[in-house]
Amino acid sequence: MAIQEHLQEFAGKPVANWEPGSDFQNPGGTLARISLDYDEYDQKQKWLDKFAAFLEDPNASQSTGLVVGPWDFESSEDSSAIVEALVTARDRLPNLTAIFLGDILSEENEISWIRQSDVSPLLDAYPALEYFGVRGGDGLSVGALRHERLKTLIIQTGGLNADIVRAIGKSHLPQLEHLELWLGDSGYGATTTVEDLTPILSGQLFASLRYLGLRNSEIADEITRAVATAPIVERIKTLDLSLGTLSDEGAQALLESPAVAKLEKLDIHYHFCSDEMVEKLQQLPIEVDASDSQQPYQYDGESQRYVAVSE
Amino acid sequence: MRHSCGFVIVANPDSRRVALFQESLARLGQKSARVVAYVDLLAGRTHLSEVVRRGDVVRIESPGRDWEVERSLLCAGVDAAFSEDVQEGGSEWMSRGALQELHFERGRVLPSRQWYLGWCQVLQLIECQLTECPPHRLMNCPADITLMFDKPRCHELLARSGVATPRSLGSPACFDDLVTRMKEVNCRRVFIKLAHGSSASGIVAYRTDGERHQAATTIEPVRRGNELLLFNTRRIRVHQDVAAIAETVDALCRHRVHVEEWLPKAGFAGRTFDLRVVVINGRAQHTVVRLSRSPMTNLHLLNERGDVAALRARIQSQLWESAMQTCEAAMTCFPGSLYSGVDLLFTPNFKKHAVLEVNAFGDLLPGVLCDGLDTYSAQVRAVIESSG
C-alpha cells in the first residue's frame, strides 16, 4: 500500500508547504511543512538552509507546529542534523506544540529506507510539545520518554524495533491521549512481541489514553487476541488495528470482548478478514471501519498476508 | 450541413477498438468504416489500393491482442533481428522454426525488439501501399507510429523539442552497464522499460542507496531448460536481492530497454497517480487519473481511475494548464498524427510535471468523455470538421 500522500493535517490543523519568498500565512492555524523536493535535492539544496530561511519569516515565531518533509532522497543522511537544528531553534519557536519528523512518501523514499536518529533531544527541548510524530524506524531511538505535556505520540515504521516499545512501556507520559505505533514486518526490522506490549496493555500507564493504535502489524492476530482482553481497552475510546494482517482468528477475539463492545470506535481497515466476519463486526454496537479488505496472495500453495506499509 | 467521409481502418476486425469506433461513426451519422484485417494484409490477400477510395480517411489501429498477428509480426522481424544480433550481439530473438512451434502463453514477454522490427516492416508495407491509393487522409501516419513505439528515440525527440521529460539513461546492455550509467549521472533510482513495449509490459522500478537495493516489478522470471523466460503478471513483487534484480534486468536488457530517472509521483486519494491525456487535433482532451498503490499505474494492473474533477480542484489551475500545454507540445513532435495518448506525471506537490510516454494507440478509454464525446467521436468530429 505504501504512503502516497503528504500529511494534509496534523495535530488538528491543516498543513501547508512553506517556500522561501512566500509569507507564512496563518501561523496560528496552519502547520508549515518544510521539505526539499526532488529537483531541489538534485540541485544540492539543503533542508537546513530552507529551515534557516523559514526562521527568518516574521511569522515563524508564532508557529504552533512544524512538519519536516524529505531532506534527502538517497538515504545518505539521517535525521540527526534536522533534530539538532530544531533543538537549536527552540527559542525562536516558543509556541511550537506539534512536530512531525519525516513526512516522506514511498515514492520519495521508502519508509524502511528513511534514516532516523535519536529524537529524544527534541522532546527535551520542547517541554510544551503536545503532538509528536515520526516516520521511519531505521536508526530511531526515543530515549527515556519523560515528558509532562505530550498528548500524542505517533511512530510510523515498516518494522519497529522492540526497544522502542519497551521504552514506551517504561515511559513517563502522564498526559498521553493518543498512542499510535506501526509495528511492521519482521523482514524490515520488526522485533516487537506481544510480551513487549504488556506494560502498555496492562493499563498501568497512560491514565488519559483515549486512542490506542497498534497498526501495520505482521502479528496482528496475536496482538489482537492480547488486546481484546487487556485492561487498557476499558479506558480508551478508539482501538486501531488497521493496516496489518488481521484475519478471522484475531477478529474473533474482538467479537468476544465485552470491553471492545463498549468502545466508541474500532478501526481495522486494511485487513484479511472474511466477509462473514466483517458482517459480524459491523453488528457491534459501535462504529466499525472494516473497509479495504485484502486477499492473501497465493504463492507456492501458501497464503501470504502482508502489512500495508513495509518496504 | 454535415459532411460525410469514408473511413478505412487497418485493424484486427474483432477488436473492441473497431467496434467502438464503428459505434462512434454511427452516432455521428457516418457510414461504417471498411476494415482491412492485419491477417489479410500480411498474407497479401488484401491490398489497400483495392479498398481506399478518393477522399477516404485511413486509420491505423493497434495490431494487438491477436495471436496470429502477433506471431506474424515476430516472423516479419526475424531477418532484421537476426542481423542486428549478428552485429551487436546479446539480443533476444526467435527463429521462424521456433515461432512455428510457439503457442500462446498469457503474459509471456516475447522478443520485443524483433516484434518491433516486424511491426516497422508492416508499417512500411502500409505506407507503401498507400502511395498506390487515390488521394486520402491519414489519422495517424506510419512514420509517427514507428517513432512512438521506439521509446529511446521518442524520448530523445521530446527532450530535443523542449518537452519536460525525466532524464534518460539510454539503453544499457545489462545490469552492470545500468549501474555504471547510474553512477555516471549520479542517479540512484530508475524506471526500466522495454524499449518497444506497451501497457506496463516489462517494467522494473529500481532504486539503490549504494548498499541496499530494491526493485519493484510485475515481471516474473521463469527458468525453462536453460532459458530464462519473462512473464508479465498482475502482481507487483519487490526484490531486495541484487543478484535476483540483476538476473531480471539482464534478461530485460536483451529485449532492449529504455531507462529513465524515476521521478517521485504525486499522490491523490491516498495513492500515487499519473495521467493519461488524449490529445486530439492539437488539444488536450480526455483525461484519466490512474491511481496506484505501487510505482506502476497502468490501468490493466487492476489499478483504479481517480476523479479528474476532484484532482483538478486540488491542483492550482495554472499548474494544470501548464501540464496540458506540455501534452499538446509533445504532440507537435508528431505532425502527421491526429491523436495519441500522452502519459504524464506530476511530482509531489504538483509543482512540476513530465511526459513519460506517447502512446500511438492510447486512445482506448471507453466511457471517458470530453465535451460530451468519447475519444473516437471526438476524433471523427475533428476529421469531419476539417474536410474542406
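Please read these numbers as outputs of a predicted model, since none were measured by experiment. (Residues numbered from 1 in each chain as written. Chains lettered and ligands numbered in written order. Predicted model: local features only at pLDDT ≥ 70, side-chain atom pairs only at ≥ 80, totals over all residues. Heavy atoms only, no water.)

## Here's the deal with the sheet that holds strand 1 (residues 9-10) of chain A
Residue and element names in this part refer to chain A.
Here is step 1: Pairing is mixed across the open sheet formed by twelve strands, whose spatial order is 1-2-3-4-5-6-7-8-9-10-11-12. Lying at the two open borders of the sheet, with one neighbouring strand each, are strand 1 and strand 12 (287-289).
Here is step 2: By the bridge criterion, six bridges tie strand 8 (residues 178-184) to strand 9 (residues 211-217) in an arrangement that is parallel. Residue Trp182 lies in a different strand from strand 9, and its bridge partner there is Arg215. (Pairing = 2+ DSSP bridges. Helix = DSSP H or I, 4+ residues; strand = E, 2+ residues; numbered from the N terminus.)

## Considerations on the confidence of the model for chain B
Here is step 1: In this model, chain B carries an average pLDDT of 92, and 97% of its residues clear a pLDDT of 70 or more.
Here is step 2: Here the complex is predicted with pTM 0.86, and the ipTM for its interfaces comes to 0.75. (pLDDT = per-residue confidence, 0-100.)

## Quick look at the packing of aromatic side chains
Here is step 1: By the definition in use, this model includes 25 aromatic pairs over all chains.
Here is step 2: Linked through ring pairs, Tyr38, Trp115, Trp119, Phe149 and Phe361 of chain B together constitute an aromatic cluster. (Phe/Tyr/Trp six-rings, centres within 6.5 Å; stacked < 30°, edge-to-face > 60°.)

## Some thoughts on the sheet that holds strand 3 (residues 57-60) of chain B
Residues and elements named next belong to chain B.
Here is step 1: Read across the open sheet, the four strands follow the order 2-1-3-4; overall the sheet is parallel. Edge positions in the sheet fall to strand 2 (34-37) and strand 4 (137-138), since each has one partner strand and no second.
Here is step 2: Pairing of strand 1 (residues 7-11) with strand 2 involves four bridges; the strand directions are parallel. Residue pairing across strands places Val10 opposite Val36, the latter belonging to strand 2.
Here is step 3: In the packing of helix 13 (residues 375-385) onto the sheet, contacts are made with strand 1, strand 3 and strand 4, and the angle to strand 3 comes to roughly 150 degrees. (Contact = heavy atoms within 4.5 Å. Axes fitted to C-alpha atoms, helices over the stretch in contact; angles between N-to-C directions.)

## Some remarks on the packing of helix 4 (residues 78-88) of chain B against helix 6 (residues 112-131) of chain B
Residues and elements named next belong to chain B.
Here is step 1: In contact at an axis separation of 8 Å, helix 4 and helix 6 are set at 130 degrees when each is read in the N-to-C sense. Viewed along their axes, helix 4 and helix 6 adopt a mutual orientation that is oblique. Helix-helix and strand crossings are classified by hand; for helix 4 and helix 6 the assignment is right-handed. In this structure, helix 4 uses Val78, Ala80, Ala81 and Glu84 to contact helix 6, whose residues at the interface are Arg113, Gln114 and Leu117.
Here is step 2: Residue classes in the contact of helix 4 with helix 6 are distributed as four nonpolar, one polar and two charged. (Parallel < 35°, antiparallel > 145°, perpendicular 65-115°, else oblique. Left-handed = near helix turned anticlockwise from the far one by under 90°. Nonpolar A, V, L, I, M, F, W, Y, C, P; charged D, E, K, R; others polar.)

## Considering unusual backbone geometry
Most peptide bonds take the trans form, and the phi angle of most residues other than glycine is negative.
Here is step 1: Unusually for a residue other than glycine, Phe206 of chain A sits at a positive phi of about 60 degrees.
Here is step 2: Since its relative accessible area comes to 5%, Phe206 of chain A is described here as buried.
Here is step 3: If you check the backbone angles, Arg256 of chain B has positive phi at about 80 degrees while not being a glycine.
Here is step 4: Here Arg256 of chain B lies in the loop between helix 10 (242-253) and strand 10 (257-261).
Here is step 5: Relative accessible area serves as the criterion here: at 25%, Arg256 of chain B is assigned to the partly exposed category. (Buried < 20%, exposed > 50% of the residue type's maximum accessible area, 1.4 Å probe, protein only.)

## What to know about the interface of chain A and chain B
Here is step 1: With 33 residues of chain A at the contact, the number on the chain B side is 35 residues.
Here is step 2: In this assembly, chain A packs against chain B so that about 2700 Å² is buried in total across both faces, 41% of it on carbon and sulfur atoms.
Here is step 3: Of all residues in chain A, Tyr38, Glu107 and Trp113 of chain A give up the largest surface area on contact with chain B, accounting jointly for 30% of the area buried on that side.
Here is step 4: Remark: the boundary between chain A and chain B carries seven salt bridges. (Buried area = accessible area lost by both parts, 1.4 Å probe. Salt bridge = Lys/Arg side-chain N within 4 Å of Asp/Glu carboxyl O.)

## Overview of the pattern of salt bridges
Any two side chains of opposite charge can pair if their charged atoms end up close together.
Residue and element names in this part refer to chain A.
Here is step 1: Taken as a whole and assessed by the stated rule, the structure comprises 48 salt bridges over all chains.
Here is step 2: As a salt-bridge pair, Arg92 and Glu56 come within 3.1 Å of each other at their nearest N and O atoms. In this pair, Arg92 is assigned in the loop between helix 3 (80-88) and strand 5 (98-101) and Glu56 in helix 2 (residues 47-56), connecting sequence segments 36 residues apart.
Here is step 3: Classification of Glu56 by relative accessible area gives exposed; the value is 57%.

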